[in-house]
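Observations on chain architecture
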Amino acid sequence: VENVRLLDRLSSRRAVVGTLYLTATHVIFVENGSETRKETWVLHSQISSIEKQATTATGCPLLIRCKNFQVIQLVIPQERDCHDVYISLIRLARPVKYEELYCFSFNPKLDKEEREQGWKLVDLNEEYNRMGVPNNYWQISDVNRDYGVCDSYPTEVYVPKSATAHIIVGSSKFRSRRRFPALSYYCKGNNASICRSSQPLSGFSARCLEDEQMLQAIRKANPGSDFIYVVDTRPKLNAMANRAAGKGYENEDNYSNIKFQFIGIENIHVMRNSLQKMLEVCELKSPSMSDFLWGLENSGWLKHIKAIMDAGIFIAKAVAEEGVSVLVHCSDGWDRTAQVCSVASLLLDPYYRTMKGFMVLIEKDWVSFGHKFNHRYGNLDGDPKEISPVIDQFIECVWQLMEQFPCAFEFNERFLIHIQHHIYSCQFGNFLCNSQKERRELKIKERTYSLWAHLWKNRADYLNPLYRSERSQTQGTLHPQIAPCNFLYKFWSGMYNRFEKGLHPRQSVTDYLMAVKEETQQLEEELEVLQERMANLQKSQSGGNKVKSKQQDRSKQIGLYTSNNSLANTPQEYSNDLKSFPSRSPSQGDEEDSALILTQDNLKSSDPDLSANSDQESGVEDLSCRSPSGGGCLPSEDSGKDSDEAVFLAG
Amino acid sequence: MEFAELIKTPRADNVALHRPFHPAVEGTLCLTGHHLIFSSRRQDNAEELWLLHSNIDSIEKRFVGSLGTIVIKCKDLRIIQLDIPGMEECLNIASSIEALSTLDSVTLMYPFFYRPMFEVLEDGWSSFLLEQEFELLSSVTNEWRLSCVNKEFSVCPSYPPVVIVPKCIDDEALRKVALFRHGGRFPVLSYYHKKNGMAMMRSSQPLTGTNGRRCKEDEKLINATLRSGRRGFVIDTRPLNVAQQARAKGGGFEQEVHYPQWRRIHKYIERFNILQESFIKLVEACNDQSHNMDRWLSKLEASNWLTHIKELLTAACLAAQCIDREGASVLVHGSEGTDSTLQVTSLAQIILDPRCRTIRGFEALVVREWLQAGHPFQQRCAQSAYSNSKQKWEAPVFLLFLECVWQIHRQFPCSFEFNEQFLTMLFEHAYASQFGTFLGNNENERAKLKLPQKTMSLWSWVNRPEELSRFQNPLYEANSLVIWPSVAPQSLQLWEGVFLRWNRPSKFLEEAEEERINIIKYNKELQAKVNALRRQLAEMETDEEAQEEP
């Protein structure tokens, strides 16, 4: 469709005209205008809703909301075209078969072996070995070999050595969806562990001997402690309501040596509505500070994030400080349980704060234990009530921790954002389906590629420059504060306003430091070469030999390249009063309220926008003029000024 | 007066000091004329705490049996608790602290007694003279002149002796204009935008009154900053209705009929007790140890602090936009022109002028736009957020300005030569200091108090290389461009460095800062090494070639 206008959310006056293409996998908008031809690519699987609004004089508006929080507003001149696009997108955005998803057609041009290597990058057996199991207390059980006991569990689960197959099967019959207690994290240092399960089918009075034995077995696997915590992550009211349906929670009288604890994380429906409310706040056009803060409070989002974090902190404390094992469950044990176990593991074990470890953590607590990715993130058309930002919340918890412990994580914010993106993108097979069983049946590993290999290949982009493995916050358990005035939970604009670049800091400390580190590395290499040459020269001079070393001047162009730093920077709408004032030229009138148009998909590395010095004024001089040679190329003040001026006039 | 008279108990032993995130320490408490000193002499962990009495904002005492507890709340927002055995000692100490921290006379303040332990390399009192500023200005334009019309502070008591005004306006005209402006604050040059020759002026409100008085000289003065055929903007920091009401009291605003080339924009910036209350509420929220997220957010919202930040930043951006983008001259004023006016003009310069983002340039800005421009520091910073006095003239105007700078700094972390500590340091010294810089309400008062002769300047201390290194931003790369911050709520954050400073464990953030410094330092060292080696090699190779071809 031609002559489509892409509107800027921040300023309705600013719009670009271009052509809209629909392909089998993407919506593509290409800007007219010969120089830039900026492109906006949106994967169909990212589309969360499409809204056709009332036709206006200029055309028919179409609002596309994406799962990665991008909002695209198009105006299509012809009603009929708009309707066609709308109908097609509705169909394309809601595939009904897994085979329609992008990962089955996505081909990163890797051969079979590379693909297999990619899938082997994260190996859970290796991970359990790293934790220190199997050992005297824990063993691998093959009771779920053919998914015979629990179809949403992995085939290989770790259980206490004293838990026989009889106990496991018995316990599984007493648990929702037969999700029996299994090991999630084992603390080598003190034998304390985190186990996970679903709720018991206790109703008002039912008991199960095997289940009680199972919990005993978990306690015995930690000889240093005479009780275990059973953490029910639901609000007490919800758990009690479940009793009427024959489910519920553990009765302390029936289980010997347990301490029972409710945590009070709300269910997926509350979370879905909360996110919805927060996104409405993000979408407000020029909100006042109180609109924003009130909306943020009203959405309850940060309260929920804090609840998840608090649960993780409680468990980490029990394991690390008290040396007590914990059994965690919620209702089915695949949402809140996954969140809480992974937050606790992250606090406890520095390994999960490395890039590889974080991949392992998601693979362990989320993928293998049957978090229902397909239902929660709506990959296939399904029940909208099943959709909920469960893993998004976990990812945000990690970000909040990164803000408090800036040196503790090997990876940076971008890593988190890209993982979130790909949970929805369906570009890689990792997060397809609802369980390991379904993935095996689909032969995901033979037919799709692994995200982890893709991220690992580009790991240089995801490094946190402040991470140093010997730092105190890098090692050991993290102890975050609990009160909001001590641990400031912030709104994550990098995620929820990800595509409104104008709202973000215009210079990124992370990118800057990464560039400096890269330069440092090149300098180290050069230093080595120079020292070698020096040594040769000294040798040759003393020996009278004429060994001429090759001139190799690597110093001239060390490509320091941080394009993200030169983000667009134009004044925002600071006042409407200026509008009515006669401007010197019409073009300038446009400029004054110009906010930013930056809707390109950042994930496409080939994106011309990231490198081209296009139509945006940069608030920052290009860092590429940093030269280690000192005299090689001077960072000239004038060049910066010129670009500023030129852009201003061109606008 | 002898301080000794006020000190009833100069010393108490076995006092326990409690601070958040520190284990309690036992030691000795001493009171001197200007300090509260706590020292623990335990061998493994000797530490001393020196607190200026003038830093104490409020003090509370309570008793459990004979153990007295004093809670001291400071102007820098820290709260400490002292447990003092003995009821009498505790009462004596509390009343002494109370008396010493509320001394009336400026000349009894510590700066008059402070003797520096460092060698003065440069006298800060003469580091930032307007004459030097004018010299810089004259190298790019000759449209301005230095006027000494206020030499005796007779034309405007809150202005410095010298000001910069349009060249074509003589002193006689200035005297007339002064009579037409509130407090005699006639329009003077605040900033000259070299890029396009536009000027930012500041003043107080015109005294038009109800019958629309006018002053030809005033019109001529501000029109002198316009290029022919161009217009200018008057940014009035009051809402229209307030400006209109001001006419009843003899004040007013520039009316279109008399200022046809100027367009007035009203951009409301909150003042006085509203700000002080907002400050008090915010600090209260930050000290609320409850674990409830909703309560925290609603208290943060109810304080309105971030709203004031957003409004102020927006007004400053608007002024900067008029100058840089509209190519227009700007006049900024509110009522008196000593508070919101200065916030706007100084922030606009941070946005427009790269020089103001350097350490020295920022110091010069504070001196020029705040101290010399007559912001009444003594009144505004008399008390901080814990005081119960609620005097009308107390307001965190300067703190708001510093926080706005911090917000811009956060968005452009590589464009400032100074770091966050530099801003918090200025906040501390504005409220309590051993230096005389922030004493007095204007240059007139400072001259009368003979501050330059009798006290040490803050700048004499800050600008010593040892101190400067603490305030340098390792990420700084000179950025010659105009920097436009975002004022969207999503882009603004609470200034943790001030408001949560004493309530958060700082270790991890300090480690991060250290790491940032190390990364840059190591890089620079390597660069130097590589350059040296390269030079050496080049020399050796030419030598060799010379030998080869004799």
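Just so it is clear, the structure is predicted and the values come from calculations on it, not from any experiment.

This part is about the UniProt feature "coiled-coil region" (unreviewed entry) in chain B. Listed under "coiled-coil region" (unreviewed entry) in the UniProt record, and renumbered for this structure, are residues 509–543 of chain B. Between the end C-alpha atoms of residues 509–543 of chain B the distance is 51 Å, and the span holds 100% helix and 0% strand.

Turning our attention to the sheet that holds strand S2 (residues 15–22) of chain A. Residues and elements named next belong to chain A. The strand order S4-S3-S2-S1-S7-S6-S5 describes an open sheet built from 7 strands, whose pairing is antiparallel. The two strands at the open ends of the sheet, each matched to only one other strand, are strand S4 (39–43) and strand S5 (47–52). Each adjacent strand pair in this sheet contributes to an overall mean axis angle of 30 degrees, direction not counted. Each of S2, strand S3 (26–31), S5, strand S6 (60–66) and strand S7 (71–76) is contacted by helix H1 (residues 79–93), which is oriented at about 155 degrees to S5, the strand it contacts most.

Residues and elements named next belong to chain B. There is a patch of nonpolar side chains on the surface, built from Phe63, Met87 and Leu91 and spanning about 240 Å² of accessible area. Here phenylalanine 63 is to be found in strand S5 (residues 56–64). A relative accessible area of 31% places phenylalanine 63 in the partly exposed class.

What follows covers empty space enclosed by the protein. Any empty space left between the atoms is revealed when a probe the size of a water molecule rolls over them. In this structure the tally under the stated criterion is 10 cavities of 30 Å³ or more. Estimated volume of the largest cavity: approximately 220 Å³. Along the wall of the largest cavity there are 18 residues; nearest its centre are Leu293, Lys490 and Phe491 of chain A together with Leu492 and Gln493 of chain B. Breaking the lining of the largest cavity down by element, the ones donating at least two residues are helix H8 (289–299) of chain A together with helix H8 (293–303) of chain B. For the lining of the largest cavity, the element with the highest residue contribution is H8 of chain A, accounting for 4 residues.

Moving on, we come to the domain arrangement of chain B. All names here are of chain B. On domain assignment, one finds that chain B holds domain 1 (3–103) and domain 2 (130–501). Distance between the C-alpha centres of domain 1 and domain 2: 37 Å. The partner domain 2 presents 17 residues to the 12 residues of domain 1 that form the contact. Taken together, the two surfaces of domain 1 and domain 2 that pack against each other cover about 1100 Å², and 61% of this comes from carbon and sulfur. Of all residues in domain 1, the largest losses of buried area upon contact with domain 2 belong to Asp57, Lys75 and Leu77, amounting jointly to 58% of the total for that side.

What follows covers the sheet that holds strand S12 (residues 228–232) of chain A. Residues and elements named next belong to chain A. The strand order S10-S11-S14-S12-S13 describes an open sheet built from 5 strands, whose pairing is mixed. Each edge of the open sheet is held by one strand with a lone partner, namely strand S10 (182–186) and strand S13 (258–262). Strand-to-strand, the axes of this sheet are offset by a mean angle of 25 degrees, without reference to chain direction. Judged from the 4 bridges that link them, S10 and strand S11 (residues 193–197) form a sheet pairing that is antiparallel. By the bridge assignment, tyrosine 186 is partnered in S11 with serine 193.

Residues and elements named next belong to chain B. A residue-level look at chain B finds 99% of positions with pLDDT of 70 or above and a mean pLDDT of 93. Mean pLDDT values over the elements of chain B span from 85, in helix H1 (residues 3–6), up to 98, in helix H10 (residues 340–352). For this predicted complex, the interface confidence score (ipTM) comes to 0.94, while the overall pTM stands at 0.90.

Residue and element names in this part refer to chain A. Here helix H5 (residues 209–220) is 12 residues long and its end C-alpha atoms lie 16 Å apart, about the 16 Å a rise of 1.5 Å per residue gives. The element H5 is largely enclosed, with a buried count of 9 among its 12 residues. Taken as a whole, H5 has its buried residues at Glu210, Asp211, Glu212, Met214, Leu215, Gln216, Ala217, Ile218 and Arg219. Those residues of H5 that are buried lie in contact with strand S9 (157–160), helix H4 (165–173), S11, S12, S13 and strand S14 (325–329).

A separate point is the UniProt feature "domain: Myotubularin phosphatase" (unreviewed entry) in chain B. Here the UniProt feature "domain: Myotubularin phosphatase" (unreviewed entry) sits at residues 124–499 of chain B. Annotation note: span residues 124–499 of chain B, helix share 43%, strand share 9%, distance between end C-alpha atoms 29 Å.

Turning next to the UniProt feature "domain: Tyrosine specific protein phosphatases" (unreviewed entry) in chain A. When the UniProt feature table is mapped onto this chain numbering, "domain: Tyrosine specific protein phosphatases" (unreviewed entry) sits at residues 299–343 of chain A. In residues 299–343 of chain A, the share of helix is 69% and the share of strand is 11%. The end C-alpha atoms are 22 Å apart.

Turning next to helix H3 (residues 124–131) of chain A. Residues and elements named next belong to chain A. Listing the buried residues of H3 in full gives Leu124, Glu127, Tyr128 and Met131. Looking straight down H3, one finds its buried side chains confined to an arc of 95 degrees; they lie on one side. Close packing links the buried residues of H3 with S9, S10 and helix H11 (355–368). Glycine 132 sits one or two residues past H3 and shows a positive phi near 110 degrees.

The subject of this paragraph is the pattern of salt bridges. As enumerated under the stated definition, the model contains 58 salt bridges over all chains in all. Here glutamate 441 of chain A makes a salt bridge to lysine 437 of chain A, at a shortest N to O gap of 3.8 Å. Residue glutamate 441 of chain A and its partner lysine 437 of chain A are both found in helix H15 (residues 436–442); the two are separated by 4 residues, about one turn of the helix. Accessibility expressed as a relative area gives 56% for glutamate 441 of chain A, which makes it exposed. A salt bridge links aspartate 353 of chain B to arginine 355 of chain B, with the shortest nitrogen-to-oxygen separation between them at 4.0 Å. With a relative accessible area of 11%, aspartate 353 of chain B lands in the buried category. By relative accessible area, which is 32% here, arginine 355 of chain B ends up partly exposed. A cluster of three or more residues bridged by salt bridges with shared partners is formed by Asp335, Lys372, Arg376 and Glu386 of chain A.

With that out of the way, let us pick up the domain arrangement of chain A. When the parts of a complex come together, some accessible area is lost, and that lost area is often taken as the interface size. All names here are of chain A. As assigned here, chain A comprises domain 1 (4–94) and domain 2 (123–369 + 387–397 + 478–491). Using only C-alpha atoms to locate each centre, domain 1 and domain 2 end up separated by 40 Å. With 5 residues of domain 1 at the contact, the number on the domain 2 side is 7 residues. Of the roughly 520 Å² buried where domain 1 meets domain 2, counting both sides, 48% is carbon and sulfur surface. Where domain 1 touches domain 2, the interface holds 1 salt bridge. The salt bridge partner of arginine 65 is glutamate 283, with a shortest N-O separation of 2.7 Å. The tally of links from domain 1 across to domain 2 stands at 1 residue pair in polar contact (both at pLDDT 80 or more). Residues belonging to the side of domain 1 that touches domain 2 are distributed by class as follows: 2 nonpolar, 1 polar and 2 charged.

Now for the packing of helix H9 (residues 305–324) of chain B against H10 of chain B. All names here are of chain B. Running from N to C, H9 and H10 cross one another at 60 degrees; their axes reach a closest spacing of 8 Å. Classified by the interaxial angle, the pair formed by H9 and H10 is oblique. At the point where H9 passes H10, the crossing takes the right-handed sense. Along its contact with H9, which presents Leu312, Ala315, Ala316, Cys317, Ala319, Ala320, Ile323 and Asp324, the element H10 presents Gln343, Val344, Leu347, Ala348, Ile351 and Leu352. Counted by class, the contact of H9 with H10 contains 12 nonpolar, 1 polar and 1 charged residues.

Right, let's talk about the pairing of S6 of chain A for a bit. Residue and element names in this part refer to chain A. In terms of burial, S6 is largely enclosed, as 6 of its 7 residues are buried. Where S5 lies against S6, 5 bridges are found, and the strand directions are antiparallel. When the bridges of S6 are listed, isoleucine 50 appears paired with isoleucine 64. Judged from the 6 bridges that link them, S6 and S7 form a sheet pairing that is antiparallel. Residue cysteine 60 lies in a different strand from S7, and its bridge partner there is isoleucine 76.

Below, the discussion takes up the nonpolar core. Formed by 234 residues in total, the largest nonpolar core has its most connected members in Phe358 and Tyr496 of chain A together with Phe362, Leu426 and Phe499 of chain B. With 13 residues, the top contributor of residues to this core is H9 of chain B. Those residues in contact with phenylalanine 358 of chain A, other than ones at most four positions away along the chain, are Leu346, Tyr351, Tyr352, Phe394, Val398, Phe411, Phe415, Leu416 and Ile419 of chain A. With 32 residues, the next largest nonpolar core counts Val155, Phe186, Val188 and Met201 of chain B among its residues.

Conventions used here
Residues numbered from 1 in each chain as written. Chains lettered and ligands numbered in written order. Predicted model: local features only at pLDDT ≥ 70, side-chain atom pairs only at ≥ 80, totals over all residues. Heavy atoms only, no water. UniProt positions renumbered as here; feature names shortened; annotations may be inferred. Helix = DSSP H or I, 4+ residues; strand = E, 2+ residues; numbered from the N terminus. Pairing = 2+ DSSP bridges. Axes fitted to C-alpha atoms, helices over the stretch in contact; angles between N-to-C directions. Contact = heavy atoms within 4.5 Å. Patch = residues over 30% accessible without salt bridge, like charges linked within 9 Å, V, L, I, M, F, W, Y side chains within 5 Å. Areas by Shrake-Rupley, 256 points an atom, 1.4 Å probe, with all protein chains shown as cover. Salt bridge = Lys/Arg side-chain N within 4 Å of Asp/Glu carboxyl O. Buried < 20%, exposed > 50% of the residue type's maximum accessible area, 1.4 Å probe, protein only. 1 Å grid on protein atoms, 1.4 Å probe; cavity = no way out; pocket = protein on both sides within 12 Å on 5 of 7 lines; lining within 4 Å. Points joined across faces, edges and corners; volume = space filled by probe spheres on them. Domains from an automatic or database assignment. Buried area = accessible area lost by both parts, 1.4 Å probe. pLDDT = per-residue confidence, 0-100. Expected span 1.5 Å × (residues − 1). Arc of directions from axis to C-beta. Polar contact = N/O pair within 3.5 Å; in protein donor to acceptor, adjacent residues only side chain to side chain. Nonpolar A, V, L, I, M, F, W, Y, C, P; charged D, E, K, R; others polar. Parallel < 35°, antiparallel > 145°, perpendicular 65-115°, else oblique. Left-handed = near helix turned anticlockwise from the far one by under 90°. Core = buried A, V, L, I, M, F, W, Y, C linked by side-chain atoms within 4.5 Å.

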